[in-house]
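Close look at the chain arrangement
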Amino acid sequence: MVITATALPDVRADAPPSPPHRRLPIVDLVAVVLFVAAGIWLTAALWRVPAGATIIANEDDQAFFEWMLAHAAHALTHGESPLFAGEMNTPAGVNLMANTSILGFALPLAPVTLLGGPALTFTLITTLALIGTPLAWYFVLSRHLVRNRWAALAAAAFCGYAPGLAAQAQGHPNLVAQMLVPVIFWCVVRIHHSPVRRGLILGLLVAYQFFINEEVLFLLAQALAIAVLVTLAGTPRRLLRHWRGYLGGLALAGAVAGVLLAYPMYVQFTGPQSYHGVPKIVGSSFGLDVLSYVSFPPTTAFGTNPGAEQLATNPVEANSFFGWPLLVVLALLVLWQVRTLAVRVALAVAAWFTVLSFGAYPEVDGHPLGPAGPWRELIKIPLFDSVVPARMGLAVIPAFGVIIAVSLDRLLSRDRRRWWPVRVAAAAAVLFALVPLAPRPLAVRPKTPMPKFLADGAWRAYVPSGTSLMYADVTSHGDIVAMRWAAASGLDFALARGYFLGPDPRSPERIAMFSTLYTTTSMRMMMAARTGRPSRIHSLDVSGATNDFEYWKVGAIFLPDGTPNAGAIETTVRRLVGRPGVRVDDALVWRIAS
């Protein structure tokens, strides 16, 4: 997410614009065709049956985003706020600005959601992200950083399909959609040429990126700060001679973005269900293993690397895995071009984010490395406390991409004929080091079908206005399945529970927690669902359940056929409610609210 040249003479930052081409260069056509084909190929399994397929590695977040997309469409058609949702986690609701609501996609694509469903929109966004990100890098690199467009093409492919991006494509389209990152970076670099016009544009771009993903924007801001420091340390005149233009343009951009984002940020940080910082276990333990950087990815187009799985927190956060051949080649290229400002900036950015990605307590092959890392202190600082440390590794990808682009451009330059065979061999070594990292298409499986009780609308007779439905399987998996069903229905019904980030009511600091807090009632139901054994229920449990159901505004509890451990769940709910469920189509239903 980050990087490239900074106002750098040695990489054409101050060069006049190239004269317009009368026809599109063949490399540009190749780039467009290649990246469009790659994006469709990687998501082909989703496109076959968008409404019926779920990504195997990350069913939870796919369902979460489908619900967010459904809510954006629902909010537009019902005149509600897209920043807060009362249709989940009743009665408290969910602060959507404090969650990843991808409003930058969800609102413009609401017509697609209304016509084809949220699953289709999710598939479309994932595909567009896998197409748009490498394309954006290609056009910025080829127009502003390097002359050789084939070099830009190779680097852009790496920036768009590196192992970290391929892993995040398994359910996190918001992190894959980095098409604005190179544009924002270069807009900052060149802002002194036209402070007013570029300042306005930059402010709009920053605001829009905010509604796609804030983490990426935060990483980009760090990268820009590093670029400024490296430039000031090496060639300060390049920045200082244009300081008025830079400060004026950035001030205008900040003002524009501030006006557009003031209210959404107010809702995010002080609104209902706002919180401070990610759950402590995420901030302290979700780091990348040091060994993961030199290892090959767990899955690629060429097969699997089972030993690498243990080096990542989970398959989706495998944000490094560059392989030792690429790191060796990049190290040699950096030594060769250390005087090039773009390379120095990229190296500094890569070093900073690599160290941070190790988390608070770095490990090597699962074993503690020794002293705590800098993340242990940084996590105490606002904004850093809201970021998953493993995702810092995503910023290393474009840093390496810049080194690749600049290196291939220099190696393949027609102006440099000395040592031509050696240059070709070196360029080939770069490309060969990239080949083993080629991504594999997304693997999917069928979704749990929506029960007829919901699909046919029979639930309406059991859920009075202002009340919610509660799926009797209150495990995390059950919450996810219920969210997907609600999203597919267009959020016609509210859910008592859900999968989201909200404030932990037990935390005085309002630290975030995942999902709805478990009470004694939901714990009894959850244990039955997990173990397959009915929970023992006492008289206090029954009275507590009555209070909980009333607080959650539960209109009805439903248990569809085919739910895992349905027998144990049915017995537990019957004991809590005090009566057996009623058979309605393919589900048992307990009416709670009259």
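All values reported here derive from a predicted model rather than from experimental measurement.

1. Side note on the overall build of the chain
Tallying secondary structure elements over the chain gives 25 helices and 14 strands in all. The globule rule puts the C-alpha radius of gyration for 594 residues at 25 Å, and the 26 Å found for the chain is close to it. In terms of overall dimensions, the chain has C-alpha extents of about 85 × 50 × 50 Å along its principal axes. For the chain, the proportion of its 594 residues judged to be buried stands at 57%.

2. Some points on the environment of Ala 351
Turning to its location among the elements, Ala 351 is positioned in helix H17 (residues 341-357). Judged by relative accessible area, Ala 351 falls into the partly exposed class, the value being 42%.

3. As for the pattern of salt bridges
Enumeration over the complete set of coordinates arrives at 16 salt bridges. With a closest N to O distance of 3.1 Å, Glu 377 and Lys 380 form a salt bridge. Overall, Glu 377 belongs to the partly exposed group, its relative accessible area being 42%. Look at Lys 380 and you get exposed, because its relative accessible area is 59%. Measuring nitrogen to oxygen at the nearest pair gives 2.9 Å for the salt bridge that ties Arg 506 to Asp 504. Using a relative accessible area of 13% as the deciding quantity, one classes Asp 504 as buried. Because the salt bridges share partners, they merge into one network encompassing Glu 59, Glu 66, Arg 445, Lys 447 and Arg 484.

4. Focus: the confidence of the model for the chain
Per-residue confidence for the chain gives a mean pLDDT of 93, with 95% of residues at or over 70. Every residue in residues 1-21 is under pLDDT 50, and counting partners more than four places away or in other chains gives 84 contacts.

5. Quick word on helix H14 (residues 243-270)
A turn of α-helix holds 3.6 residues, and therefore any two residues three or four places apart point the same way. Taking 1.5 Å per residue, 28 residues should reach 40 Å; H14 reaches only 35 Å between its end C-alpha atoms and comes up short. Most pronounced at Leu 261, the bend in H14 amounts to some 50°, and the proline Pro 264 follows within four residues. For H14, the set of buried residues is Gly 245, Tyr 246, Gly 249, Ala 253, Val 256, Ala 257, Leu 261, Pro 264, Val 267 and Gln 268. Looking at the buried residues of H14, the elements they touch are strand E3 (94-95), helix H10 (181-189), helix H11 (195-210), helix H12 (214-234) and helix H13 (237-240).

6. Topic: the pairing of strand E14 (residues 587-591)
Of all five residues in E14, four are buried; the element is thus mostly enclosed. Bridging between strand E13 (residues 582-584) and E14 involves three bridges; their strand directions are antiparallel. Looking at the pairing, Val 582 lines up with Val 589 of E14. Here E13 hands over to E14 after two residues, with Asp 585 in that stretch at a positive phi of 55°.

7. Let's talk about unusual backbone geometry
With an omega dihedral of 0°, the bond running from Thr 90 to Pro 91 counts as a cis peptide bond. As for its placement among the helices and strands, Pro 91 is situated in the loop between strand E2 (84-85) and E3. In this structure, Phe 321 takes a positive phi of about 55° despite not being glycine. Of note, Phe 321 is situated in the loop between strand E5 (303-304) and helix H16 (324-336).

8. So, H16
The end-to-end C-alpha distance of H16 is 19 Å, a good match for the 18 Å that 13 residues give at a rise of 1.5 Å each. Among all positions of H16, only Leu 326, Val 329, Leu 330, Leu 333 and Val 334 are buried. Down the axis of H16, the buried side of the element spans an arc of 135°, and every buried residue falls inside it. Opposite the buried face of H16, at more than 90 degrees from it, the exposed residues are Trp 324, Leu 332 and Leu 335. The secondary structure elements touched by the buried residues of H16 are helix H7 (149-161), H17, helix H19 (396-411) and helix H20 (420-434).

9. Some points on a nonpolar patch on the surface
The grouping of Leu 291, Val 294, Trp 324, Val 328, Leu 332, Leu 335, Val 364 and Leu 369 at the surface amounts to a nonpolar patch, some 750 Å² of accessible area in total. No other element matches the four residues that H16 contributes to the nonpolar patch. Tracing the backbone through its elements, the reader meets Leu 369 in the loop between strand E7 (367-368) and helix H18 (375-378). Since its relative accessible area comes to 51%, Leu 369 is described here as exposed.

10. Quick look at the side chain of Asn 95
The residue Asn 95 is located in strand E3 in this model. Reaching out from Asn 95, the side chain makes a polar contact with the backbone oxygen of Val 267 at a distance of 2.8 Å. Once residues within four sequence positions are removed from consideration, Asn 95 is found in contact with Leu 83, Phe 84, Val 267, Gln 268, Gly 271, Pro 272, Gln 273 and Ser 274.

11. Quick word on the packing of aromatic side chains
Within a pair of aromatic rings, the relevant descriptors are the distance that separates the centres and the angle that separates the planes. Enumeration over the complete set of coordinates arrives at 20 aromatic pairs. Between Phe 218 and Phe 384, the aromatic rings sit 5.0 Å apart at their centres with planes inclined by 75°, giving edge-to-face as the arrangement. Taken together, the residues span a long stretch of sequence, with Phe 218 in helix H12 and Phe 384 in the loop between H18 and H19 at a distance of 166 residues. Its relative accessible area of 15% is what places Phe 218 among the buried residues. When its relative accessible area of 11% is taken as the criterion, Phe 384 is described as buried. Here a set of aromatic residues connected by ring pairs shows up, and it is made of Phe 158, Tyr 293, Phe 322, Phe 358 and Phe 400.

12. Some words on the environment of Pro 272
Position of Pro 272 among the secondary structure elements: in the loop between H14 and helix H15 (280-285). On the accessibility criterion, Pro 272 (54% relative accessible area) is exposed. Pro 272 sits 174 residues away from Ala 98 along the chain, and the two C-alpha atoms are 9.8 Å apart. Excluding its chain neighbours within four sequence positions, the residues that come into contact with Pro 272 are Phe 84 and Asn 95.

13. Concerning the sheet that holds strand E12 (residues 554-560)
Here we have four strands laid out as an open sheet, ordered E9-E12-E14-E13, and mixed in their pairing. In the strand order of this sheet, the two ends are held by strand E9 (468-471) and E13, each with one partner. Within this sheet the neighbouring strands show an average axis-to-axis angle of 35°, counted without direction. With four bridges joining them, E9 and E12 adopt parallel strand pairing.

14. Let's talk about the environment of Ala 438
With respect to the element layout, Ala 438 can be found in the loop between H20 and strand E8 (444-446). Counting along the chain gives 280 residues from Ala 438 to Phe 158, while the straight-line C-alpha distance between them is 8.9 Å.

Conventions and cut-offs
Starting afresh in each chain, residues are numbered from 1 along the sequence in its written order. With the structure being a predicted model, the display of local features is reserved for residues of pLDDT at least 70 and the display and counting of side-chain atom pairs for 80 or more, all residues being used for whole-chain, interface and lining totals. The basis for every side-chain value is the complete set of non-hydrogen atoms in the structure, without hydrogens or water. Each helix is a run of DSSP H or I of at least 4 residues and each strand a run of E of at least 2, with the numbering of both proceeding from the N terminus. Computation of the radius of gyration draws on C-alpha atoms alone. For the globule rule, the value is 2.2 Å times the number of residues to the power 0.38. The classification of residues rests on relative accessible area computed with a 1.4 Å probe and restricted to protein chains. Under 20% of the type maximum is buried, over 50% is exposed, and intermediate values are partly exposed. One speaks of a salt bridge when a side-chain nitrogen belonging to Lys or Arg is within 4 Å of a carboxyl oxygen belonging to Asp or Glu. pLDDT is defined as a per-residue confidence score from the predictor, taking values between 0 and 100. Every residue pair with non-hydrogen atoms within 4.5 Å of one another is taken to be in contact. Expected helix span is computed as 1.5 Å times (number of residues minus one). Bending is quantified residue by residue as the angle between axes fitted to the seven-residue window ending at that residue and the seven-residue window starting at it. Following DSSP output, two strands are said to pair if at least two bridges run between them. Along the arc lie the directions from the helix axis toward the C-beta atoms. Like-charged residues within 9 Å of one another, or nonpolar side chains (Val, Leu, Ile, Met, Phe, Trp, Tyr) within 5 Å, are grouped into patches, provided each residue has over 30% relative accessible area and no salt bridge. Here the Shrake-Rupley method, with its probe set to 1.4 Å, supplies the accessible areas, and only the displayed protein chains count as covering residues. Between N or O atoms, a polar contact is any pair within 3.5 Å; within protein, one atom must be a potential hydrogen donor and the other a potential acceptor, and residues adjacent in sequence are included only when both atoms are from side chains. When the centres of two rings from Phe, Tyr and Trp lie within 6.5 Å, Trp using its six-membered ring, the rings pair. Their planes under 30 degrees apart give stacked, over 60 give edge-to-face, and anything left gives tilted. Each axis is a line fitted through C-alpha atoms, and for a helix only the stretch in contact is used; angles between axes span 0 to 180 degrees, taken between their N-to-C directions.

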